[in-house]
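If you want the building blocks of each chain, they are given just below.
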Amino acid sequence: MLRRYAVVLCVFALCLAAEVGARRPLLPQKSGVSKSSFGSVPDAGDVDMFTLTNANGVEIRAITYGAIITSIRVPDRSGRFADVVLGFDNLEGYLKGHPYFGTVVGRYGNRIGGGHFTLNGQAFKLAQNNGPNHLHGGVKGFDKYVWKAEPLQNGLGVAFSRTSPDGEEGYPGNLAAHVTYTLTDKNELVVDYHATTDKATPVNLTQHSYFNLSGDPSTTILGHELRIDADRYTPVDATLIPTGELVPVQGTPFDFRKPTTIGARIEQPHEQLKFGRGYDHNWVLNRKGSQPAFAARVLEPKTGRTVEVATTEPGVQFYTGNFLDGTIKGKGGQVYNQRAGLCLETQHFPDSPNKPNFPSTVLQPGKEYTTRTVFTFGVAR
Ligand code: BGC
């Protein structure tokens, strides 16, 4: 009898501990950055992991391979913490090949039509690594290099850097790139990008995290609600290259000016949704000026978790994980099925190097490329 009580008591204590562990810490946590080892890449060296924590117990992890964000742990409306991004538990997962989970994408985020462009009268040829097009910087983009990294002096973040040599993946000029992740006590993840070059080159750096705010990637993101502050988007051809037009979202499944469930219109027989197998398009943000301004907000209604995106960029690629097909097993052995995650990639428009009417992505020697995107995590009550 006594033994049975003891067992029941133990089970109860264990459940309570697990519950308390998942919930918001009662006492303020100490913000900080710590470094640990995350394995090594053959012929490229050791990979470090940086863990950023803030006073609310939010935790973000990033590694020097690809400057990848491997996890973001944020609370739901009852204070329960969960990891809200897709990825892997170990380096092997990232090395096996994956669709840019959490990576910094460069030198050029998204597609360049036909894998070529002309700059100052000179033709440049890039890898055609996505059908006829060039995608996310080529065969070995910024996502597949080990970056240098050091904690920020303010103790709130980590600075990654790498120099992409002249001719890498066909791009001109030595490009010195810096990306910092800062976690504030307002639950903001501030991503700062900086680059300089010694020859004119296109640059378009972005962050490619796949969010599933439910914390449970066995469910799709179709029930998440989305608002995008954009009156127009850039429609694409069948190979996902923009046609060059800026088309009003009004009256189309691309109108997210009011919060709308992502799955509400994704299966509509709209040609553009067919091309992308769902949403995989660039929205032309309404934001103006040089400071980060509101771009988009996602809400997961069951947990109440939200993420709000502000940026200095003119566009955002909203991608609904259409090409995930259940062949990748991520953290904890979880199979990532179609639409297990969504990306909000703040950026210049795809194929800008071939579209004179799009804002220019060319960085000139002596000039600085500086962009900022802020992801603010919250809860809706
Ligand atoms: C692109 C998708 C692509 C995905 C993974 C997104 O940025 O728009 O078409 O499948 O990245 O590579």
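Given the structure is predicted, the values throughout are model-derived calculations rather than measurements. (Residues numbered from 1 in each chain as written. Predicted model: local features only at pLDDT ≥ 70, side-chain atom pairs only at ≥ 80, totals over all residues. Heavy atoms only, no water.)

Participant: I keep staring at the overall build of the protein and nothing clicks. Help me out?
Facilitator: Within the protein, the secondary structure is distributed over three helices and 27 strands. Computed over the C-alpha atoms, the radius of gyration of the protein is 21 Å, within 12% of the 21 Å expected from 2.2 N^0.38 for a compact globule of 381 residues. C-alpha atoms of the protein, sized along the principal axes, occupy 85 × 50 × 40 Å. Put simply, of all contacts in the protein between residues at least 6 apart along the chain, 67% involve residues at least 24 apart. Carbon and sulfur atoms provide 54% of the accessible area of the protein, an area that totals close to 16,500 Å². (Helix = DSSP H or I, 4+ residues; strand = E, 2+ residues; numbered from the N terminus. Rg over C-alpha atoms; globule rule 2.2 N^0.38 Å. Contact = heavy atoms within 4.5 Å. Areas by Shrake-Rupley, 256 points an atom, 1.4 Å probe, with all protein chains shown as cover.)

Participant: Explain the side chain of N110 to me, please; I cannot follow it from the model alone.
Facilitator: With respect to the element layout, N110 can be found in the loop between β6 (104–105) and β7 (111–112). A residue is classified by how much of its surface remains accessible, and N110, at 2% relative accessible area, is buried. (Buried < 20%, exposed > 50% of the residue type's maximum accessible area, 1.4 Å probe, protein only.)

Participant: Where do I start with the site of the ligand in this structure?
Facilitator: Neighbouring the ligand are 14 residues, the closest being R111, H136, H208, D280 and E345. Between N110 and the ligand, the recorded distance is 3.0 Å, taken from a side-chain N or O atom to an oxygen atom. In the environment of the ligand, an oxygen atom lies 2.7 Å from a nitrogen or oxygen atom belonging to the side chain of R111. Starting from 310 Å² of accessible surface for the ligand in isolation, the protein chains cover 94%. (Near = heavy atom within 4 Å. Polar contact = N/O pair within 3.5 Å; in protein donor to acceptor, adjacent residues only side chain to side chain.)

Participant: In this structure, what is going on with the pairing of strand β18 (residues 230–234)? I would like to understand it.
Facilitator: For a regular strand, side chains alternate in direction, first toward one face of the sheet and then toward the other. Looking at chain direction, β18 and strand β21 (residues 280–285) are connected through four bridges and run antiparallel. When the sheet's bridge partners are listed, Y233 is paired in β21 with W283. Relative to strand β19 (residues 247–248), β18 is paired through two bridges, and the arrangement is antiparallel. Within the sheet, the bridge partner assigned to Y233 lies in β19 and is V247. (Pairing = 2+ DSSP bridges.)

Participant: Sorry, what's going on with the packing of aromatic side chains here?
Facilitator: Aromatic rings in a pair are described by how distant their centres are and how their planes are angled relative to each other. Across all of its chains, the model carries 24 aromatic pairs by this definition. With a centroid separation of 5.5 Å and 90° between ring planes, the pair formed by F254 and Y279 is classed as edge-to-face. One end of the pair, F254, is in the loop between β19 and β20 (260–261); the other, Y279, is in the loop between α3 (271–275) and β21, and 25 residues separate them in sequence. We note that F254, like Y279, is buried. Sitting over the face of the ring of Y145, K140 holds its NZ or CZ atom 4.5 Å from the ring centroid. In this arrangement the basic side chain of R162 is found over the ring face of F142, its NZ or CZ atom lying 4.9 Å from the centre. (Phe/Tyr/Trp six-rings, centres within 6.5 Å; stacked < 30°, edge-to-face > 60°. Lys NZ or Arg CZ within 6 Å of the ring centre and 35° of its normal.)

Participant: Teacher, can you tell me more about the sheet that holds strand β5 (residues 81–83) here?
Facilitator: Taking strand neighbours across the sheet as the criterion, the five strands line up as β1-β2-β3-β4-β5 in an open arrangement whose pairing is antiparallel. Both edges of this open sheet fall to β1 (32–41) and β5, since each of them pairs with a single strand only. In this sheet, neighbouring strand axes are inclined to one another by 15° on average, regardless of whether the strands run parallel or antiparallel. Of the strand pairs in this sheet, β1 and strand β2 (residues 45–53) are connected by eight bridges, and their pairing is antiparallel. Of the residues in β2, the one forming a bridge with S37 is D48. (Axes fitted to C-alpha atoms, helices over the stretch in contact; angles between N-to-C directions.)

Participant: Would you mind going over the pattern of salt bridges with me for this structure?
Facilitator: A side chain of one charge can pair with a side chain of the opposite charge if their charged atoms are brought near each other. With the rule as written, the count across this model stands at twelve salt bridges. Note that E168 is salt-bridged to R162, the shortest N-O span being 2.8 Å. For R162, a relative accessible area of 9% corresponds to the buried category. Across the pair D351 and K355 runs a salt bridge whose closest N-O atoms are separated by 2.6 Å. (Salt bridge = Lys/Arg side-chain N within 4 Å of Asp/Glu carboxyl O.)

Participant: What is the right way to read the nonpolar core from this model?
Facilitator: Side chains that are nonpolar tend, in soluble globular proteins, to be buried together. Counting residues in hydrophobic clusters, the biggest one holds 57 residues, and the most contacted among them are I72, Y181, I228, W283 and F318. Broken down by element, this core gets its largest block of residues, five residues, from strand β13 (residues 175–183). Residues V41, Y210, Y319 and A340 belong to the second largest nonpolar core, which totals 19 residues. (Core = buried A, V, L, I, M, F, W, Y, C linked by side-chain atoms within 4.5 Å.)

Participant: Just to check I follow, could you spell out the environment of L342 for this structure?
Facilitator: With respect to the secondary-structure elements, L342 resides in the loop between β24 (315–319) and β25 (343–347). Sequence spacing of L342 and K35 is 307 residues, and the spatial spacing of their C-alpha atoms is 28 Å. Here L342 is in contact with S209, Y210, F211, I221, H224, I262, V298, F318 and Y319, once residues within four sequence places are set aside.

Participant: For this particular structure, what's the right way to read the sheet that holds strand β14 (residues 188–197)?
Facilitator: Strand pairing within a sheet occurs via backbone hydrogen bonds; the two strands may be parallel or antiparallel. Read from one edge of the open sheet, nine strands run β11-β12-β13-β14-β27-β23-β22-β17-β20, paired in antiparallel fashion. On the outer flanks of this sheet lie β11 (148–151) and β20, each paired with one strand and no other. Pairing between strand β17 (residues 225–228) and β20: two bridges, direction antiparallel. For L226, the partnering residue across the bridge sits in β20 and is T260.

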